[in-house]
Amino acid sequence: MKIKVIKIGGAVVEDASLLGKFAEDFVALPGPKVLVHGGGIKASSVARALGYKPVMIDGRRVTNADTLEVVTMVYAGLCNKNVVATLQKHGCDAIGLCGADARLITAKRREAEPVDYGYVGDVNADSIRVDKILGLLEAGLTPVFCAITFDGQGQLLNTNADSVASALAGGLAKVAEVELTYCFDKPGVLLDKDDENSVIPYITPSSFEKLRGEGVVAAGMLPKIENSFKAIAGGVRTVVIKSAANLGNSIQTILTDE
């Protein structure tokens, strides 16, 4: 069995035209698939409108009680349902979910040291209820996950959407051949953030450390690449970071047999 896990960023969710193009390509992909979406841009906008200043550290949102309410409303509500409605428009029988639904994704609240991120959850592949997700796929449904998880004891947690995608891919890789794709509004990881023709075609753990040390890769790209390597270590076959506008292009045009 082959399963595709695809994650889209908040910039894609916020752009109706780009989201529509992505949805067309997503629906056209053969086989079972799982979608994970972000929504950080909208969450920050709503937080500011409510008088809260968003705080980010290394691409991850510091989440106090007020921020948790905002991100839950935005991620699990507005963003999730907009994505589901767009997919339904294009013929995909999508179902919107967060980690608490059917206990699909249980997370552990992150320790306060060395940085206190507040109500932020860390998730790994062992926490995924793979049997339930397979049941949804076998029923012809396409799960659409937001970045809200829970601790199993009633506490909702904000979890980086890249981490959610990586954990889902790693969990499903235990029973299927899995491809993980991170889609956002850029053509890929850029050597020069201002030059969209400077895509880095292939990244290894050692080259990643060099890029991070030089400051080429920073902020929100850090968890994306960190989670890519985590997924591969967990048995995911391939990971690609690319533009949401080019989802329809086969990864075989990007990857060599290696």
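Look up: the structure comes first, before these words.
Quick summary incoming for the structure in this document.

Parameters at a glance
Per chain, residue numbering runs from 1 following the sequence as it is written. With pLDDT at 70 or above as the cut-off, local features in this predicted model cover only qualifying residues; side-chain atom pairs require 80 or more to be listed or tallied, and sums for whole chains, interfaces and linings still use all residues. Note: side-chain values were computed over all heavy atoms of the structure, leaving out hydrogens and water. What makes a patch is a set of residues exposed beyond 30% relative accessible area and free of salt bridges, joined within 9 Å when like-charged and within 5 Å when nonpolar (Val, Leu, Ile, Met, Phe, Trp, Tyr). Areas reported as accessible are Shrake-Rupley estimates using a 1.4 Å probe. Residue values count occlusion only from the protein chains shown. Salt bridges are identified by distance alone: a Lys or Arg side-chain nitrogen within 4 Å of an Asp or Glu carboxyl oxygen. In DSSP terms, a helix is any run of H or I states spanning at least four residues, a strand is any run of E spanning at least two, and both are numbered starting from the N terminus. Here the term buried applies to any residue with accessible area under 20% of the maximum for its type, exposed to any over 50%, and partly exposed to those in between, with areas from a 1.4 Å probe on protein chains only. Think of each axis as a best-fit line through the C-alpha atoms, taken over the contacting stretch in the case of a helix, with angles from 0 to 180 degrees between the N-to-C directions. Roughly parallel means an angle under 35 degrees; roughly antiparallel means over 145; roughly perpendicular covers 65 to 115; every other angle is labelled oblique. Pairs of residues are marked as contacts when any of their non-hydrogen atoms sit within 4.5 Å. Following DSSP output, two strands are said to pair if at least two bridges run between them. Stacked, tilted and edge-to-face pairs are distinguished by plane angle, under 30 degrees for stacked and over 60 for edge-to-face with tilted covering the rest, among Phe, Tyr and Trp rings (Trp via its six-membered ring) whose centres lie within 6.5 Å. Only lysine NZ and arginine CZ atoms are considered, and such an atom sits over a ring when it is within 6 Å of the ring centre and within 35 degrees of the ring normal.

**Here we look at a nonpolar patch on the surface**
Alright, step 1. Taken together, Leu50, Tyr52 and Met73 make up a surface patch of nonpolar side chains, about 290 Å² in accessible area.
Alright, step 2. Note that Tyr52 resides in the loop between helix H3 (40-49) and strand E3 (56-57).
Alright, step 3. Tyr52 sits in the partly exposed class, given a relative accessible area of 30%.

**Concerning the pattern of salt bridges**
Alright, step 1. Counted by the stated rule, this structure contains eleven salt bridges.
Alright, step 2. Asp122 serves as the salt-bridge partner of Arg110, at 2.6 Å between the closest nitrogen and oxygen. Of the two residues, Arg110 sits in the loop between strand E6 (108-109) and strand E7 (121-122) while Asp122 sits in strand E7, which places them twelve residues apart along the sequence.
Alright, step 3. Given a relative accessible area of 21%, Arg110 falls into the partly exposed group.
Alright, step 4. On the basis of relative accessibility, which here comes to 36%, the residue Asp122 falls in the partly exposed class.
Alright, step 5. Of the charged contacts in the structure, one is a salt bridge between Asp162 and Lys224, with a shortest N-O distance of 3.2 Å.

**As for the packing of helix H5 (residues 130-138) against helix H6 (residues 161-172)**
Alright, step 1. Interaxial distance between H5 and H6 falls to 10 Å at its minimum, and their mutual angle equals 90°. Looking at the two axes, H5 sits roughly perpendicular to H6. Residues Val130, Ile133 and Leu134 of H5 form the contact with H6, whose own contacting residues are Leu168, Gly171 and Leu172.

**Comments concerning the pairing of strand E8 (residues 142-145)**
Alright, step 1. On E8, burial covers both faces: Thr142 and Val144 on one face and Pro143 and Phe145 on the other are all buried.
Alright, step 2. Bridge count between strand E2 (residues 33-37) and E8: two bridges; the pairing is parallel. Paired with Val36 across the two strands is Phe145, which belongs to E8.

**Description of the packing of aromatic side chains**
For any pair of aromatic rings, the description consists of the separation of the ring centres together with the inter-plane angle of the planes.
Alright, step 1. The full count for this structure, using the stated rule, is two aromatic pairs.
Alright, step 2. Note on Phe208 and Phe229: the rings are 6.1 Å apart at their centroids and 45° apart in plane angle, and the pair reads as tilted. Within this pair, whereas Phe208 is found in helix H7 (residues 205-213), its partner Phe229 is found in helix H8 (residues 221-233), the two being separated by 21 residues in sequence.
Alright, step 3. For Phe208, a relative accessible area of 3% translates into the label buried.
Alright, step 4. Positioned above the aromatic ring of Phe26 is the side chain of Lys33, whose terminal nitrogen or guanidinium carbon lies 5.5 Å from the ring centre.
Alright, step 5. The ring centre of Tyr119 lies 4.2 Å from the NZ or CZ of Arg109, which sits over that ring.

**Digging into the sheet that holds E8**
Alright, step 1. Pairing within the open sheet is parallel, and its six strands lie in the order E5-E8-E2-E1-E11-E12. Because the sheet does not close on itself, it has two edges, and the strands there are strand E5 (94-97) and strand E12 (238-243). Each adjacent strand pair in this sheet contributes to an overall mean axis angle of 20°, direction not counted.
Alright, step 2. Note that strand E1 (residues 2-8) and strand E11 (residues 177-184) share seven bridges and pair parallel. Within E11, the residue paired with Ile8 across the bridge is Cys183.
Alright, step 3. Sitting on the sheet, helix H4 (residues 65-89) is in contact with E2, E5 and E8, with an inclination near 175° to E5.
Alright, step 4. In the packing of H5 onto the sheet, the strands contacted are E1, E2, E5 and E8, and the crossing angle to E8 comes to about 130°.

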